Amino acid sequence: NAPLLRVDKLVKHFGIKGGFLGREQARVHAVDGVTFELAAGETLGLVGESGCGKSTTGRCILRLIEPTSGQVWFDGREVTALGKTELRALARDMQIIFQDPYASLNPRMTVGAIIGEALTIHKLTKTRADYEARIVDLLETVGLSADHLRRYPHEFSGGQRQRIGIARALAVSPKLIVCDEAVSALDVSIQAQVINLLEDLQAKFNLTYLFIAHDLSVVEHTSTRVAVMYLGRIVEIASSRELYSRPLHPYTEALLSAVPIPDPTLKRKRIMLQGDVPSPINPPTGCHFHTRCPVKQLPLCASESPELKQSSDGHWVACHLRG
Ligand code: SF4
Ligand code: MG
């Protein structure tokens, strides 16, 4: 079975310009060779601290920003080779929802108009009655009542605004939704409600999710598989069960040690990493993680970049010592 989405050696480097002549001063290695696949109906959690390149990866997949190199394939088409018109058509299949729905919802448009915009752009309804019925249907699908139609985004709570963002994404009946920290700004109880909604919608519409989050606890129960990113690279990827029970990469171990376990008798030892995440401008040589890795071996780890290799079935890790 061909994957729905394939990301192949994706790279995004930004130049930072400055100085007298506005010459490039430095290069930010935001995404540094990311490869993964996503099967239809699957949820892949993409996890890492802020600045690791996960959002940039998500945006490159939809070509909201242009990758520096690498390829993205979706449903048999090479996204990275599409022209403007074809890209617009692709927006019907791939949608993104953001962390802060307030920033992405036009404050001067009613909720009905926000959701209806996509229907109009893609000419998805024929008559006015059709159009209105579809908006009501979408609102109800995300658990909001039809009388919210003529209200404005500021009249809603954070959780409700995220539901509006989801309804807008659903308007075009997409196959893939990139959820970029979609629940990160919400209270834990509201988070759980929105995650439940996303799971129900997935089952109902056979949706595929790329679920971006900065900590492992959010993706544990939602993701089929989880990929861990550090400074622009995937360091480990495995099924959720495997990753949570048998993490291989020292960075995954550290992230996992910060996840609270409900059963207090099963205490995990907290691994505190030294220092902060280094800047993606001129990242460390060799293994990007070597400046903070508790088990590094020098000089190897500082000179050679470890490749992502398969350790056991479906479990991939990029580390010289593990796997
Ligand atoms: Fe640590 Fe070396 Fe493995 Fe990198 S390659 S995670 S520095 S042991
Ligand atoms: Mg982000």
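Residues numbered from 1 in each chain as written. Chains lettered and ligands numbered in written order. Predicted model: local features only at pLDDT ≥ 70, side-chain atom pairs only at ≥ 80, totals over all residues.

Student: Please clarify how the overall build of the chain should be interpreted in this entry.
Tutor: Helix and strand content of the chain: eleven helices and twelve strands. On C-alpha atoms alone, the chain measures out to a radius of gyration of 21 Å, which is about the 20 Å that the 2.2 N^0.38 rule sets for 323 residues. In terms of overall dimensions, the chain has a C-alpha envelope of 70 × 60 × 45 Å along the principal axes. Each of the 323 residues in the chain was classed as buried or not, and the buried ones make up 38%. The contacts of the chain with a sequence gap of at least 6 include a subset with a gap of at least 24, amounting to 63%. (Helix = DSSP H or I, 4+ residues; strand = E, 2+ residues; numbered from the N terminus. Rg over C-alpha atoms; globule rule 2.2 N^0.38 Å. Buried ≥ 20, exposed ≤ 12 C-beta atoms within 10 Å, placed from the backbone. Contact = placed C-beta atoms within 7 Å.)

Student: Quick question: what am I supposed to make of the UniProt feature "domain: ABC transporter" (unreviewed entry) in the chain here?
Tutor: Under the UniProt annotation, "domain: ABC transporter" (unreviewed entry) lies at residues 5-256. Helix makes up 37% of residues 5-256 and strand 28%, with an end-to-end C-alpha separation of 27 Å. (UniProt positions renumbered as here; feature names shortened; annotations may be inferred.)

Student: Teacher, can you tell me more about the environment of Ile234 here?
Tutor: Residue placement: Ile234 occurs in strand β10 (residues 233-239). Using a count of 27 C-beta atoms within 10 Å as the deciding quantity, one classes Ile234 as buried. For the pair formed by Ile234 and Val47, sequence separation is 187 residues and the distance between their alpha carbons is 9.2 Å. Aside from chain neighbours lying at most four places away, what touches Ile234 is Val34, Phe36, Ala227, Val228, Met229 and Leu308.

Student: What should I look at first to understand the packing of helix α6 (residues 158-170) against helix α7 (residues 188-205) in this one?
Tutor: With their axes 10 Å apart at the nearest point, α6 and α7 run at an angle of 20 degrees to one another. Relative to α7, the element α6 is oriented roughly parallel. Crossing of α6 against α7: the hand is right-handed. On the side of α6, the interface is formed by Gly158, Gly159, Gln162, Arg163, Ile166 and Leu170, while α7 contributes Ile190, Gln193, Val194, Leu197 and Leu201. A class-by-class count of the residues in the contact of α6 with α7 yields six nonpolar, four polar and one charged. (Axes fitted to C-alpha atoms, helices over the stretch in contact; angles between N-to-C directions. Parallel < 35°, antiparallel > 145°, perpendicular 65-115°, else oblique. Left-handed = near helix turned anticlockwise from the far one by under 90°. Nonpolar A, V, L, I, M, F, W, Y, C, P; charged D, E, K, R; others polar.)

Student: Help me out: how do you make sense of helix α4 (residues 111-121) in this one?
Tutor: Side chains of residues three or four places apart in an α-helix project in the same direction, reflecting 3.6 residues per turn. Among the residues of α4, those classed as buried are Val111, Ile114, Ile115, Gly116 and Ala118. In this structure, the buried side of α4 is in contact with α5 (128-141) and α6. One or two residues past the end of α4 sits Lys123, with phi positive at roughly 50 degrees.

Student: Would you take a moment to explain the domain arrangement of the chain for this structure?
Tutor: You'll often see interface size given as the accessible area lost when the parts meet. Taken as a whole, the chain is organised into domain 1 (5-93 + 174-317) and domain 2 (104-173). On a C-alpha basis, the centres of domain 1 and domain 2 stand 30 Å from each other. Across the contact, twelve residues belong to domain 1 and twelve residues belong to domain 2. With five residues, the top contributor of residues to the side of domain 1 that touches domain 2 is α7. Tallied by class, residues from the side of domain 1 that touches domain 2 come to ten nonpolar, one polar and one charged. (Domains from an automatic or database assignment.)

Student: Before we go on, may I ask you to explain the site of ligand 1 in this structure?
Tutor: As a structural note, the neighbourhood of ligand 1 is formed by 14 residues, with Cys287, His290, Cys293, Cys301 and Cys319 the closest of them. A class-by-class count of the residues in the shell around ligand 1 yields nine nonpolar, four polar and one charged. (Near = placed C-beta within 6 Å.)

Student: I would appreciate a short explanation of the sheet that holds strand β8 (residues 208-213) in the present structure.
Tutor: One key point about sheets: their strands pair by backbone hydrogen bonds, in either a parallel or an antiparallel sense. With mixed pairing, the eight strands of this open sheet are ordered in space as β6-β7-β8-β3-β9-β10-β12-β11. In this open sheet, the two strands that pair with only one neighbour each are β6 (94-97) and β11 (309-312). Taken pair by pair, the neighbouring strands of this sheet meet at an average axis angle of 20 degrees, ignoring direction. In this sheet, strand β9 (residues 225-230) lies alongside strand β3 (residues 43-47) in parallel orientation, the contact comprising four bridges. Looking at the pairing, Leu46 lines up with Ala227 of β9. (Pairing = 2+ DSSP bridges.)

Student: I'm lost on the environment of Thr125 in this one. Help?
Tutor: Looking at the secondary structure, you find Thr125 in the loop between α4 and α5. Filtering out sequence-adjacent residues up to four positions away, Thr125 remains in contact with Leu119, Asp130, Tyr131 and Arg134.

Student: What is the right way to look at the confidence of the model for the chain in this model?
Tutor: Chain-level statistics for the chain give a pLDDT mean of 93 and a share of 100% at 70 or above. Confidence estimates for the predicted assembly give a pTM of 0.94 and an ipTM of 0.96. (pLDDT = per-residue confidence, 0-100.)

Student: I would appreciate a short explanation of the sheet that holds strand β2 (residues 23-38) in the present structure.
Tutor: Reading across the sheet, the four strands line up as β2-β1-β4-β5 and stay open at both edges, with antiparallel pairing between neighbours. Taken across any chain shown, the strands that pair with only one partner, and hence form the sheet edges, are β2 and β5 (77-78). Here two bridges tie strand β4 (residues 69-74) to β5, and the two strands are oriented antiparallel to one another. Paired with Phe74 across the strands is Arg77, a residue of β5.

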